Amino acid sequence: MEMGFRGTVTDAPDFDASADAETLYNAMKGIGSDKEAILDLVTGRSNAQRQEIVQAYKSSYGKDLIDDLKYELTGHFERLIVSLMRPQAYHDAKEIHDAIKGAGTDEKCLIEVLASRNNQQIHHLVEAYKDAYGSDIEEDVTGETSGHFKKMLVVLLQGTRDEPGVVHADLIEEDAQVLFAAGEEQWGTEESIFIMLLGNRSFDHLQMVFDKYQEIAETSIEDSIKSELSGDFENLMLAVVQCIRSVPMYFAKRLYKSMKGLGTQDNTLIRIMICRSEIDMLDIRECFRMSYEKSLYNMIKEDTSGDYKRTLLALCGGDDDLAGEFFPEAAQLAYKMWETSAMTKVQLRPTIRPASDFDPADDAQNLRKAMKGFGTDEDVIIDIVANRSNEQRQEIRQAFKSILGRDLMKDLKSELSKNLERLIIGLMLTPAEFDAKMMRKAMEGAGTDEHALIEILVTRSNEEIHAMNVAYEDGYKKSMEEAIQSDTSGRFSQILTSLVQGAREQGPADWDRALVDAQELADACNEDSDDMEIKFMSILCTRSFPHLRRVFQEFVRCSNKDIEQIIKNEMSGDVKQAMYGIVRSVKNQPSYIAERLYKAMKCIGTDDRALIRIMVSRSEVDLFNIRKEFKETHDCSLHEFIQVETMVGDTSGDYRKTLLMLCGGQD
């Protein structure tokens, strides 16, 4: 479907290249330069018009405009303005050249550029590279890469993908079966077929193949890639799939990653803002608004400064936090995302499994030896506790008491300290005991940890909540419901009370009822805030997750808005956080928990209680899935992030070692 122009930068009317050249010349002559005049002119012209200005400047003044801009400007502002003055193909060529010719290869840049460009853009890139650097881009890329990653890059560099609209109807099911077989066979011999299909079939064809694949495999192609691949090849194939699904959504994610960490990835930010400003920036903005808690405009505004910021904002073109409904294309994409979520059956994978040749008596004796006498052998304790399943740990607790007449938990508490002690004790408790303790910790003391209460209650099954309730009453002689009601208030307390009943409906979606629920939520958006919150609570806190996925899908159709955006804009405080937690958990629970892990470590000072809570409670459930979501969202493995963020003071040494063992791999 032809969507028309979706960029934010267009041809300037009444364009006069010579007059613009003179304006730029005057802005740079004398001491200092008029940066405002430069950025206003450059961002107000299309790339084609800028090329005319470069030529007019040379004709009028006998000088190279780009050289003069480099001389007059500095920093990120200089890089951005100079890059805007290059033809797009030459800008892409420079990005690729810089990615492979510097100290170390920038694989992320190679992936982004080659996965997202169409055939014509690839052909122009290859020609521009040869013209600018006198060498063959394929030879240069293959000289710096290896394995399947290299092979896929070579395929993409050919620019031979079937053109848009070309669909081989008779091959859709066959292609899906081939992809399924590749995944089933652990990607041992089928990579070449997989590379050929994803590198050559049209986006339209592959979107249909991915739908068929999901029917066959009962999981998305993305989840299969995350499960079976690793490293640069995994990142490249995920990027290709994401571009096939939606190029604007792919770039929205890349832009978010470029700004969300401790430092801005300015090269990525500049590259995307330039290359998409005349193509699909409006759609990228809408995808950004749909996916994150703020608009692209506001994130740029908060993350950058000065003339650099003003130039980026001019390319962005507007603030979508002021907007309400979706563009039609974005609404279709939002609907499709919820449909995909509803169809996907995620195979949850733990990182901790039962130890083979398990002997609880032997483990109990070894733990006692590790704690006898002067000093404690933490390595022995960690190696035993972190390499046993929770069920096995309970057998060790019993054996310790039966054989030695001692309470293992008391001994561990007396021998260990600080975060290591909290982590090891957490692992030795039953899941229900641990959850009850975490709920207690979230409510005791001067302040309530509302985020912890939300995270626990929205991610636990009915059975887990019932067991937690029993453990809480056994341990603290008070019902968890009473504790919640005495420590929280208002609508937030009502939401938590509803969730702690463990009475969420089970089973698949009821289509007819989902349509009714979606319409009721849409109608509630026009009511006052109290009535809206009551209606949202009555549906979001009680319906099954599969049912809610269909409700949220149909909500897009009913309202032309996304449920997350409504919650963000129309609710506030703890109620907003609770509702947002439910929606994120319904959409993709491993992704929600990965974000909670990131927030626990990204601030100054690690939130060790949150880190311990998540690593302990998810290690035998879905920590492998969480790891994969963490890597995709943050461009850094969870293993690496733990290593870097837990280096200071008490959060190091044995504590870090145990966390990394629970993490289970580096991705």
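Residues numbered from 1 in each chain as written. Predicted model: local features only at pLDDT ≥ 70, side-chain atom pairs only at ≥ 80, totals over all residues. Heavy atoms only, no water.

### Some remarks on the overall build of the chain
Step number 1: Of the regular secondary structure elements, the chain holds 40 helices and zero strands.
Step number 2: In summary, the chain has a C-alpha radius of gyration of 28 Å against a globular reference of 26 Å for 667 residues, a match within 12%.
Step number 3: Dimensions along the principal axes, computed over C-alpha positions, put the chain at roughly 95 × 65 × 60 Å.
Step number 4: Across the 667 residues of the chain, 54% fall into the buried class.
Step number 5: Look at the contacts in the chain between residues 6 or more apart in sequence, and 75% of them connect residues 24 or more apart.
Step number 6: Of the roughly 28000 Å² of accessible surface on the chain, 47% is carried by carbon and sulfur atoms.
Step number 7: Computing the positive centroid from 80 side-chain charges and the negative centroid from 118, the chain places the two 5 Å apart. (Helix = DSSP H or I, 4+ residues; strand = E, 2+ residues; numbered from the N terminus. Rg over C-alpha atoms; globule rule 2.2 N^0.38 Å. Buried < 20%, exposed > 50% of the residue type's maximum accessible area, 1.4 Å probe, protein only. Contact = heavy atoms within 4.5 Å. Areas by Shrake-Rupley, 256 points an atom, 1.4 Å probe, with all protein chains shown as cover. Lys, Arg positive; Asp, Glu negative; His and termini not counted. Charge placed at Lys NZ, Arg CZ, Asp CG, Glu CD.)

### Notes on helix 35 (residues 563–570)
Step number 1: Counting buried residues along helix 35, six of its eight residues qualify, which places the element largely inside the surrounding structure.
Step number 2: Those residues of helix 35 lying buried are Ile 563, Glu 564, Gln 565, Ile 566, Ile 567 and Lys 568.
Step number 3: One side-chain oxygen of the residue at the start of helix 35 lies 3.1 Å from the amide nitrogen of Glu 564, identifying that residue as Asp 562. (Polar contact = N/O pair within 3.5 Å; in protein donor to acceptor, adjacent residues only side chain to side chain.)

### Considerations on the nonpolar core
Step number 1: Counting residues in each nonpolar core, the largest one holds 203 residues, and the members touching the most others are Leu 198 and Phe 536.
Step number 2: With 13 residues, helix 36 (residues 573–602) is the largest single contributor of residues to this core.
Step number 3: Excluding its chain neighbours within four sequence positions, the residues that come into contact with Leu 198 are Met 152, Arg 161, Leu 179, Leu 206, Phe 210, Met 237, Val 240, Val 241 and Ile 244. (Core = buried A, V, L, I, M, F, W, Y, C linked by side-chain atoms within 4.5 Å.)

### A closer look at the packing of aromatic side chains
Step number 1: Per the counting criterion, the structure on display carries 14 aromatic pairs.
Step number 2: An aromatic cluster is defined as three or more aromatic residues linked by ring pairs; in this entry it consists of Tyr 25, Tyr 57 and Tyr 61.
Step number 3: Taking the ring centre of Tyr 598 as reference, the NZ or CZ of Lys 260 above it sits at 3.3 Å.
Step number 4: Just above the ring of Phe 624 sits the side chain of Arg 349; from NZ or CZ to the centre is 3.9 Å. (Phe/Tyr/Trp six-rings, centres within 6.5 Å; stacked < 30°, edge-to-face > 60°. Lys NZ or Arg CZ within 6 Å of the ring centre and 35° of its normal.)

### Details of the environment of Ala 503
Step number 1: The topology assignment puts Ala 503 in the loop between helix 31 (490–500) and helix 32 (511–524).
Step number 2: Under the relative-accessibility criterion, Ala 503 is labelled exposed at 56%.
Step number 3: When the C-alpha atoms of Ala 503 and Glu 421 are compared, they prove to be 34 Å apart, with 82 residues separating the residues in sequence.
Step number 4: Sequence-distant contacts of Ala 503, defined by excluding residues within four places in its chain, comprise Asn 462 and Thr 542.

### A word on the pattern of salt bridges
Step number 1: A full pass over the atoms with the stated rule returns 45 salt bridges.
Step number 2: Here Asp 280 ties to Arg 276 by a salt bridge, and the two come within 2.9 Å at their closest N and O atoms.
Step number 3: Classification of Arg 276 as buried rests on a relative accessible area of 5%.
Step number 4: Taking the shortest distance from any N to any O, the salt bridge between Asp 363 and Arg 388 comes out at 2.7 Å. In this pair, Asp 363 is assigned in helix 22 (residues 360–371) and Arg 388 in the loop between helix 23 (378–385) and helix 24 (390–404), connecting sequence segments 25 residues apart. Taken as a pair, Asp 363 and Arg 388 share a single burial class, namely buried.
Step number 5: Each of Arg 79, Glu 95, Glu 112, Arg 254, Lys 257, Arg 271 and Asp 635 takes part in salt bridges that share partners, so that together they form one network. (Salt bridge = Lys/Arg side-chain N within 4 Å of Asp/Glu carboxyl O.)

### Digging into the side chain of Asp 411
Step number 1: Position of Asp 411 relative to the elements: it lies in helix 25 (residues 408–415).
Step number 2: Sequence-distant contacts of Asp 411, that is, excluding residues within four places in its chain, are made with Arg 368, Met 371, Phe 400 and Arg 406.

### A look at the packing of helix 16 (residues 247–260) against helix 18 (residues 281–291)
For any two helices packed against each other, the geometry is given by the interaxial angle and the distance between the axes.
Step number 1: Contact geometry of helix 16 with helix 18 gives a least axis separation of 8 Å together with a crossing angle of 65 degrees. Between helix 16 and helix 18 the crossing geometry is right-handed. Of the residues in helix 18, those touching helix 16 at Pro 248, Met 249, Phe 251, Ala 252, Leu 255 and Tyr 256 are Asp 283, Ile 284, Cys 287, Phe 288, Met 290 and Ser 291. (Axes fitted to C-alpha atoms, helices over the stretch in contact; angles between N-to-C directions. Left-handed = near helix turned anticlockwise from the far one by under 90°.)

### What to know about the environment of Lys 151
Step number 1: With respect to the secondary-structure elements, Lys 151 resides in helix 10 (residues 147–158).
Step number 2: Between the C-alpha atom of Lys 151 and that of Ile 195, which follows or precedes it by 44 residues, the distance is 7.8 Å.

### Some details on empty space enclosed by the protein
Step number 1: The full count for this structure, using the stated rule, is one cavity of 30 Å³ or more.
Step number 2: Its boundaries defined by the atoms lining it, the largest cavity holds a volume of some 60 Å³.
Step number 3: Taken together, Arg 289, Met 290, Ser 291, Tyr 292, Glu 293, Glu 564, Gln 565, Lys 568 and Tyr 580 form the lining of the largest cavity.
Step number 4: For the lining of the largest cavity, the elements supplying multiple residues, two or more each, are helix 18 and helix 35.
Step number 5: Along the lines of polarity and charge, the residues of the lining of the largest cavity split into three nonpolar, two polar and four charged. (1 Å grid on protein atoms, 1.4 Å probe; cavity = no way out; pocket = protein on both sides within 12 Å on 5 of 7 lines; lining within 4 Å. Points joined across faces, edges and corners; volume = space filled by probe spheres on them. Nonpolar A, V, L, I, M, F, W, Y, C, P; charged D, E, K, R; others polar.)

### Some details on a negative patch on the surface
Step number 1: A cluster of acidic residues, Glu 473, Asp 474, Glu 481 and Glu 482, forms a negative patch on the protein surface.
Step number 2: Secondary structure elements with two or more residues in the negative patch: helix 29 (462–476) and helix 30 (480–487).
Step number 3: Structurally, the position occupied by Glu 481 is in helix 30. (Patch = residues over 30% accessible without salt bridge, like charges linked within 9 Å, V, L, I, M, F, W, Y side chains within 5 Å.)

### Considering unusual backbone geometry
Step number 1: One non-glycine residue, Glu 218, lies in positive phi territory at about 60 degrees.
Step number 2: Tracing the backbone through its elements, the reader meets Glu 218 in the loop between helix 13 (203–217) and helix 14 (221–228).
Step number 3: Here the phi dihedral of Lys 418 falls at roughly 55 degrees; this positive angle occurs in a residue that is not glycine.
Step number 4: Position of Lys 418 relative to the elements: it lies in helix 26 (residues 418–428).

### Some remarks on helix 13
In an α-helix, one full turn covers 3.6 residues, which means residues spaced three or four apart are oriented alike.
Step number 1: Its 15 residues give helix 13 an end-to-end C-alpha distance of 20 Å, which sits within 8% of 21 Å, the value for a rise of 1.5 Å per residue.
Step number 2: Residues of helix 13 that are buried include every one of His 205, Leu 206, Val 209, Phe 210, Tyr 213, Gln 214 and Ala 217, and no others.
Step number 3: Among the residues trailing helix 13, Glu 218 stands out with phi positive, at a value near 60 degrees. (Expected span 1.5 Å × (residues − 1).)

### Digging into the environment of Phe 203
Step number 1: Locating Phe 203 in the fold gives a position in helix 13.
Step number 2: You can call Phe 203 partly exposed: its relative accessible area is 23%.
Step number 3: In the structure, Phe 203 is positioned 122 residues away from Ile 81 in sequence and 33 Å away in space, judged by C-alpha atoms.
Step number 4: When residues no more than four places from it in sequence are discounted, the contact partners of Phe 203 are Arg 161, Cys 243, Ile 244 and Val 247.

### Quick notes on the state of the cysteines
Step number 1: Throughout the structure, instances matching the rule amount to zero disulfides.
Step number 2: Free cysteine: Cys 109, not disulfide-bonded; nearest cysteine sulfur from Cys 275 at 10 Å.
Step number 3: Assessed through its relative accessible area of 2%, Cys 109 is described here as buried.
Step number 4: Just so you know, Cys 663 is unpaired, no disulfide at all, and the nearest cysteine sulfur is the one on Cys 636, 10 Å from it. (Disulfide = S-S within 2.5 Å.)

All quantities given are derived from atomic positions and should not be read as evidence of function.
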